[in-house]
Amino acid sequence: MKILVINCGSSSIKYKIYEFPREKFIFKGVIEKIGEKDSPIANHRDGINELLFRLVNEKIILSLQEISAIGHRVVHGAEFFRKPHLIDDEVIAKIKECSDLAPLHNPANLAGIVACKEALPNTPQVAIFDTAFHHNIPEYAYLYAIPLKYYQEYCIRKYGFHGTSHQFVAHAAARRLKKPLNKLKIITCHLGNGCSIAAVNKGKSIDTSMGFTPLEGLIMGTRCGDIDPAAVFHIMEKNKLSVSQMDEILNRKSGLLAISGVSNDVRAITKEMANGNIRAKLAIDMYVYRIKKYIGAYLLILGGADAVCFTAGVGENNPWLIQRFKKDIRKIAPKTKVMVVPTDEELMIASLTHALINK
Ligand code: ADP
């Protein structure tokens, strides 16, 4: 059977088709510039209709009836969604409720879901949440030490993201180690433009570096990661900045980009570093140091690890960087394997969708 995976962003829709149960990749594409000036694709409904038209027109499938199910990536499932869900009106209403926690992502995800339901009302649709894999994180790890009423009233807590990637990598690592996942302790490091680490005990995430939003934790392409909130207040006061201006600085103008002064892209920074640029070197040193701090912490909370896995754009393509971690991990945990494990979030979404509709 064919499973279509949809990942709707604010101005793009990425899609992939797989054949199951063989887990065979068939086709991928992207619809871009949704809602932009002069774009023929005015909204997500147009985008979904265009991609369905292309699939048939380009003879990827014979008819839309060939699509057995659609798996949708949904960024935030808050505390409602702890596993994949078959999408009905109740699920749609709940995803809408979660939009308050992910205003840039969930509305786009939802627009894709609604458009697919209109176009293919009889095809099962499944929502796969980025946050769901982290739902086992215990209370003592997900709460922030601020007055509890903020958790009770506004759901302020750590949620974690990149869940499908951490889940995929943990499963793939277990296959490579030839051991059941429920017997393993694994640290998964997703290093892309966004970066996060998860401590995975017996297949369950028990802590992760991203928090209430993806801003917490590691230094990323343009995000600062961990910072003293008092420093943020101070900068806002000195520069008379609004909340959204400060948000823009911490999310889009910080991280590797801010320190290197070159780029958010590790490729460009590495090149500059080789040319002797000291800020490029400092950016990489800070990036590596922060990752090491989290790996060290997770080695302790897991009580050692069978493997530390690196994945995503940076993790998969920079052997020199992985070598730096390998050397240091070996010193304190000589039995821990350090491996590069390519992620495939879409395949994970397709597998979870396939598993749910065949239950
Ligand atoms: P996203 O988080 O947007 O999905 P990716 O996982 O694609 O991002 O990672 C993007 C980053 O990966 C780029 O900014 C770049 O630093 C790094 N990267 C991608 N390809 C390579 C490569 N061939 N060599 C070195 N770095 C790479």
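One structure accompanies this document, and this report is about it.

1. A short note on the site of the ligand
Turning to step 1, where the next piece is worked out: Around the ligand, the structure places G192, N193, G194, D265, V266, R267, A312, G313, V314, N317 and N318.
Turning to step 2, where the next piece is worked out: Separating an oxygen atom of the ligand from a backbone N or O atom of G194 is a distance of 3.5 Å.
Turning to step 3, where the next piece is worked out: Residue G313 places a main-chain N or O atom 2.9 Å away from an oxygen atom belonging to the ligand.
Turning to step 4, where the next piece is worked out: With the chains in place, 64% of the 580 Å² that the ligand exposes on its own is no longer accessible.
Turning to step 5, where the next piece is worked out: Among the elements of the structure, α10 (266-274) and α12 (312-317) are those that each provide at least two residues to the shell around the ligand.
Turning to step 6, where the next piece is worked out: At 4 residues, α12 tops the list of elements feeding residues into the shell around the ligand.

2. Points about the packing of helix α1 (residues 44-57) against helix α3 (residues 106-119)
Helix packing geometry: the angle between the two helix axes and the distance between the axes.
Turning to step 1, where the next piece is worked out: Across the interface, α1 lies against α3 with an axial gap of 8 Å and an inter-helix angle of 55°. With respect to their mutual orientation, α1 and α3 come out oblique. α1 and α3 meet at a crossing whose hand is right-handed. Residue-level contacts link H44, R45, I48, N49 and L52 of α1 to A108, A111, G112, A115, C116, E118 and A119 of α3.

3. Remarks on the pairing of strand β7 (residues 185-191)
Turning to step 1, where the next piece is worked out: Counting buried residues along β7, 6 of its 7 residues qualify, which places the element largely inside the surrounding structure.
Turning to step 2, where the next piece is worked out: Two elements, β7 and strand β8 (residues 195-201), share 7 bridges in a ladder whose sense is antiparallel. From the neighbouring strand, T188 faces β8, where its bridge partner is A198.
Turning to step 3, where the next piece is worked out: Counting the residues in the hairpin turn of β7 and β8 gives 3 residues.
Turning to step 4, where the next piece is worked out: Bridge analysis of β7 against strand β10 (residues 307-311) gives 5 bridges, and the strand direction is parallel.

4. Focus on the side chain of S209
Turning to step 1, where the next piece is worked out: Along the chain, S209 falls in the loop between β9 (204-208) and α7 (229-239).
Turning to step 2, where the next piece is worked out: Here the side chain of S209 touches I197 through a polar contact of 2.9 Å, landing on its backbone nitrogen.
Turning to step 3, where the next piece is worked out: Non-local contacts of S209, meaning those with residues more than four positions away in its chain, are made with K158, C195, S196, I197, E216, G217, L218, Y294 and Y298.

5. Regarding helix α11 (residues 278-302)
Turning to step 1, where the next piece is worked out: Helix length check: α11 (25 residues) gives 36 Å between terminal C-alpha atoms against 36 Å at 1.5 Å per residue, within 8%.
Turning to step 2, where the next piece is worked out: The complete set of buried residues in α11 reads A280, A283, I284, Y287, V288, R290, I291, Y294, I295, Y298, L299 and L302.
Turning to step 3, where the next piece is worked out: Residue N277 occupies the N-cap position of α11, its side-chain oxygen lying 2.9 Å from the main-chain nitrogen of R279.
Turning to step 4, where the next piece is worked out: Just past α11, the residue G303 takes up positive phi, approximately 70°.

6. Points about the sheet that holds strand β11 (residues 337-340)
Turning to step 1, where the next piece is worked out: If you trace the 5 strands from one edge of the open sheet to the other, you get β9-β8-β7-β10-β11, paired in mixed fashion. A strand with exactly one partner marks an edge of an open sheet, and here the two such strands are β9 and β11. Averaged over all pairs of adjacent strands, the angle between strand axes in this sheet comes to 25°, irrespective of strand direction.

7. Some remarks on the pattern of salt bridges
Turning to step 1, where the next piece is worked out: Here the structure, examined in full by the defined rule, presents 15 salt bridges.
Turning to step 2, where the next piece is worked out: Of the charged contacts, one joins E248 and R252 as a salt bridge, the two residues approaching to 3.8 Å between their closest N and O atoms. Taken together, the positions of E248 and R252, both in helix α8 (residues 243-252) and 4 residues apart, correspond to about one turn of that helix.
Turning to step 3, where the next piece is worked out: For E248, a relative accessible area of 34% puts it in the partly exposed group.
Turning to step 4, where the next piece is worked out: Here R324 ties to D285 by a salt bridge, and the two come within 3.0 Å at their closest N and O atoms. Residue R324 is found in helix α13 (residues 319-332), and its partner D285 is found in helix α11; the two are separated by 39 residues along the sequence.

8. Brief notes about the sheet that holds strand β2 (residues 13-19)
Turning to step 1, where the next piece is worked out: Spatial ordering of the open sheet is given by β3-β2-β1-β4-β6-β5, a layout of 6 strands whose pairing is mixed. Across the chains shown, the open sheet's two edge strands, defined by having one partner strand only, are β3 (24-31) and β5 (85-86).
Turning to step 2, where the next piece is worked out: Bridge count between strand β1 (residues 2-8) and strand β4 (residues 67-74): 5 bridges; the pairing is parallel. Pairing of I6 across the sheet is with H72, part of β4.
Turning to step 3, where the next piece is worked out: Packed on one face of the sheet, α3 meets β1, β4 and β6 (125-129) and runs near 165° to β4.

9. Digging into the pairing of β1
Turning to step 1, where the next piece is worked out: Of all 7 residues that make up β1, 7 are buried, and the element is covered over most of its length.
Turning to step 2, where the next piece is worked out: For β1 and β2, the ladder comprises 7 bridges, and the chain directions are antiparallel. Bridging from a neighbouring strand, L4 pairs with I17 of β2.
Turning to step 3, where the next piece is worked out: Here β1 hands over to β2 after 4 residues, the two strands then running antiparallel side by side.

10. Section: the packing of aromatic side chains
Turning to step 1, where the next piece is worked out: Per the stated rule, a full pass over the model turns up 9 aromatic pairs.
Turning to step 2, where the next piece is worked out: When the ring of Y18 is compared with that of F25, the centres are 6.0 Å apart and the planes differ by 70°; the resulting orientation is edge-to-face.
Turning to step 3, where the next piece is worked out: Classification of F25 by relative accessible area gives partly exposed; the value is 40%.
Turning to step 4, where the next piece is worked out: Relative to Y151, the ring of Y142 lies with its centre 6.0 Å away and its plane at 45°, an arrangement referred to as tilted. Take Y142 and Y151: they sit in the same class, and that class is buried.

Thresholds applied
- Residues numbered from 1 in each chain as written.
- Predicted model: local features only at pLDDT ≥ 70, side-chain atom pairs only at ≥ 80, totals over all residues.
- Heavy atoms only, no water.
- Near = heavy atom within 4 Å.
- Polar contact = N/O pair within 3.5 Å; in protein donor to acceptor, adjacent residues only side chain to side chain.
- Areas by Shrake-Rupley, 256 points an atom, 1.4 Å probe, with all protein chains shown as cover.
- Helix = DSSP H or I, 4+ residues; strand = E, 2+ residues; numbered from the N terminus.
- Axes fitted to C-alpha atoms, helices over the stretch in contact; angles between N-to-C directions.
- Parallel < 35°, antiparallel > 145°, perpendicular 65-115°, else oblique.
- Left-handed = near helix turned anticlockwise from the far one by under 90°.
- Contact = heavy atoms within 4.5 Å.
- Buried < 20%, exposed > 50% of the residue type's maximum accessible area, 1.4 Å probe, protein only.
- Pairing = 2+ DSSP bridges.
- Expected span 1.5 Å × (residues − 1).
- Salt bridge = Lys/Arg side-chain N within 4 Å of Asp/Glu carboxyl O.
- Phe/Tyr/Trp six-rings, centres within 6.5 Å; stacked < 30°, edge-to-face > 60°.

It is worth stressing that arrangement in space is one thing and function is another; only the former is reported here.
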